[in-house]
Amino acid sequence: MDDNTVVMASDNHYVWGVWLVIASMRMNSMPEPVLILAENYSPPDLECLEQFGGVKIIQRDESFRRNLTYSKPEAMLLADTDYITWVDCDALFYGNCSEYLTPAPEYIHIRRRAYAENRIGFEKFYAPNEKRGPIPAKILEVWRQDIGENRQPAFDTCCSACFLSLHRNYRFILEKWRTQIEKVMPEDNVGVVDKRSVAYFQTDESVLNSVLCFCKGAPAVVPEYKLDKDPKAFFIHFNYQPKPWRLWNDYTIKHFNRTVAVVEWALANNYRMPGPVPFALKRRYRVFNHLVAPFTRSYYRGLKLLHR
């Protein structure tokens, strides 16, 4: 839809991810304009993304010293359409999802985590006799004090920040998200998780949830998340490392055929790639990719520990 912009932010290590998102949109006749807040893109990077049409790329301010994940509100505020839709750049659209992106104007379209999922993320932060599942009370109390507006939280389980869509009437919420990041998060880069903080260890996602929970006038979360209901049109988020353009993992490998189909469509239609097609995105290596996928997360964790 023309009154909605799909927004992403990426450095040059995630150009393949951005490319896959946009290619999957165009393959499935999703016409939304795309806006990318970019870091360290090369001229060929720009060309291979702009070839799809309706793509605007803005270079990020080099003075920004935090991790790129904190750029979400900044990037979304660059859009000037009625609706603004954020999409993480390690993702894919399967089928035409345009009708499922945006909510009614009074809502934010975002996925609330189930109690079981929420509990896993917060397990070590609960008080001894506290119910497992909701956001821990001590975290909510920090958020309440930092926001300083509503006394009671709007919800009790966190929302995932990998996808969100809202009407321009709530641009002030994006501005508040950006302001709170500047207020409560250190101005350095320790990655997408900050273990130094209890209340904000999930970095930008924690700050967003604090804003949605306690800001006056914040939009209500949609009663139903729509991008995982239609088997012919849904949003795929490639959780965990490694990402599919490098190697598949045990969580993402189920989307091998869907992802490779996007690459094959682009090749058949003479679209340029961000570089040589990696073996992880070639169908002839399907068996090998399925064999190694159960072990790649451990392999990457080991590399990270060695690097430290």
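As a reminder, the structure under discussion sits directly above these lines.
Residues numbered from 1 in each chain as written. Predicted model: local features only at pLDDT ≥ 70, side-chain atom pairs only at ≥ 80, totals over all residues. Heavy atoms only, no water.

Trainee: Give me the packing of aromatic side chains: which residues, what numbers.
Mentor: Applying the stated criterion to the full structure yields 18 aromatic pairs. Here the aromatic rings of Phe52 and Tyr271 are separated by 4.8 Å at their centres, their planes lie at 25°, and the arrangement is stacked. Separated by 219 residues along the polypeptide, Phe52 in the loop between helix 2 (43–50) and strand 3 (55–59) and Tyr271 in the loop between helix 9 (256–268) and helix 10 (286–307) bring together distant segments of the chain. Taking the relative accessible area as the measure of exposure, Phe52 reaches 8% and is therefore buried. Ring geometry for Phe125 and Phe201: centres 4.9 Å apart, planes at 40°, overall tilted. Taken together, the residues span a long stretch of sequence, with Phe125 in the loop between helix 5 (115–122) and helix 6 (137–147) and Phe201 in the loop between helix 7 (171–184) and helix 8 (204–214) at a distance of 76 residues. Given the relative accessible area of 11%, Phe201 is considered buried. An aromatic cluster is built from Trp16, Trp19, Phe52, Trp265 and Tyr271, whose rings are joined through pairwise contacts. (Phe/Tyr/Trp six-rings, centres within 6.5 Å; stacked < 30°, edge-to-face > 60°. Helix = DSSP H or I, 4+ residues; strand = E, 2+ residues; numbered from the N terminus. Buried < 20%, exposed > 50% of the residue type's maximum accessible area, 1.4 Å probe, protein only.)

Trainee: Report on the nonpolar core, specifying residues and quantitative values.
Mentor: Counting residues in hydrophobic clusters, the biggest one holds 51 residues, and the most contacted among them are Trp19, Ile22, Ile36, Leu49, Val87, Phe93 and Phe235. The biggest single contributor to this core is helix 1 (residues 15–27), with nine residues. Sequence-distant contacts of Leu49, that is, excluding residues within four places in its chain, are made with Val15, Val18, Trp19, Ile22, Ile36, Tyr41, Val55 and Ile57. Counting residues in hydrophobic clusters, the runner-up holds 46 residues, among them Leu77, Ile181, Leu212 and Val221. (Core = buried A, V, L, I, M, F, W, Y, C linked by side-chain atoms within 4.5 Å. Contact = heavy atoms within 4.5 Å.)

Trainee: Account for the pattern of salt bridges, with residues named and values stated.
Mentor: Summed over all chains, the structure comprises 16 salt bridges. Linking Lys72 and Asp204 is a salt bridge whose minimum nitrogen-to-oxygen distance equals 2.9 Å. A residue pair is termed long-range when its members are at least 10 positions apart, and Lys72 in helix 3 (residues 72–76) and Asp204 in helix 8 qualify at 132 residues. For the pair shown, Lys72 and Asp204 are each scored as buried. In this structure, Arg144 and Glu141 form a salt bridge, with 2.4 Å as the shortest nitrogen-oxygen distance. Taken together, the positions of Arg144 and Glu141, both in helix 6 and three residues apart, correspond to about one turn of that helix. (Salt bridge = Lys/Arg side-chain N within 4 Å of Asp/Glu carboxyl O.)

Trainee: Could you give an account of helix 1, with specific residues and numbers?
Mentor: Relative to the 18 Å expected for 13 residues at 1.5 Å per residue, helix 1 spans 18 Å between its end C-alpha atoms, a close match to the ideal helical length. Here helix 1 lies mainly inside the structure; twelve of its 13 residues are buried. Along helix 1, the residues classified as buried are Val15, Trp16, Gly17, Val18, Trp19, Leu20, Val21, Ile22, Ala23, Ser24, Met25 and Arg26. A positive phi of about 60° marks Ser29, the residue just after helix 1. (Expected span 1.5 Å × (residues − 1).)

Trainee: Would you mind going over the sheet that holds strand 4 (residues 83–87) in detail, with residue names and values included?
Mentor: Strand order in the open sheet formed by seven strands is 3-2-1-4-7-6-8, with mixed pairing between adjacent strands. With partners counted over all chains shown, the strands left at the sheet margins are strand 3 and strand 8 (220–221), one partner each. Inspection of the sheet shows strand 2 (residues 34–39) paired to strand 3 by five bridges, in the parallel sense. Paired with Leu37 across the strands is Ile58, a residue of strand 3. (Pairing = 2+ DSSP bridges.)

Trainee: Provide a residue-level description of the side chain of Arg144, including the pertinent values.
Mentor: Looking at Arg144, the relative accessible area reads 16%, which means it is buried. Looking at Arg144, its side chain comes within polar contact range of the side chain of Glu141, at 2.4 Å. If we ignore the near neighbours within four places in the chain, the residues touching Arg144 are Glu149, Asn150, Arg151 and Phe214. (Polar contact = N/O pair within 3.5 Å; in protein donor to acceptor, adjacent residues only side chain to side chain.)

Trainee: So what's going on with the environment of Pro186? Which residues, and what values?
Mentor: Secondary-structure assignment places Pro186 in the loop between helix 7 and helix 8. Sequence separation between Pro186 and Arg132 is 54 residues; the distance between their C-alpha atoms is 29 Å.

Trainee: Lay out unusual backbone geometry in plain terms, naming residues and giving numbers.
Mentor: A cis geometry characterises the amide bond from Gln241 onward to Pro242, with omega recorded as -5°. Mapped onto the elements of the fold, Pro242 is located in the loop between strand 9 (234–237) and helix 9. Here the phi dihedral of Asn40 falls at roughly 60°; this positive angle occurs in a residue that is not glycine. Inspection of the secondary structure assignment puts Asn40 in the loop between strand 2 and helix 2. Positive phi is not limited to glycine here, since Tyr240 has a value of about 70°. Positionally, Tyr240 belongs in the loop between strand 9 and helix 9. For Tyr240, a relative accessible area of 43% translates into the label partly exposed.

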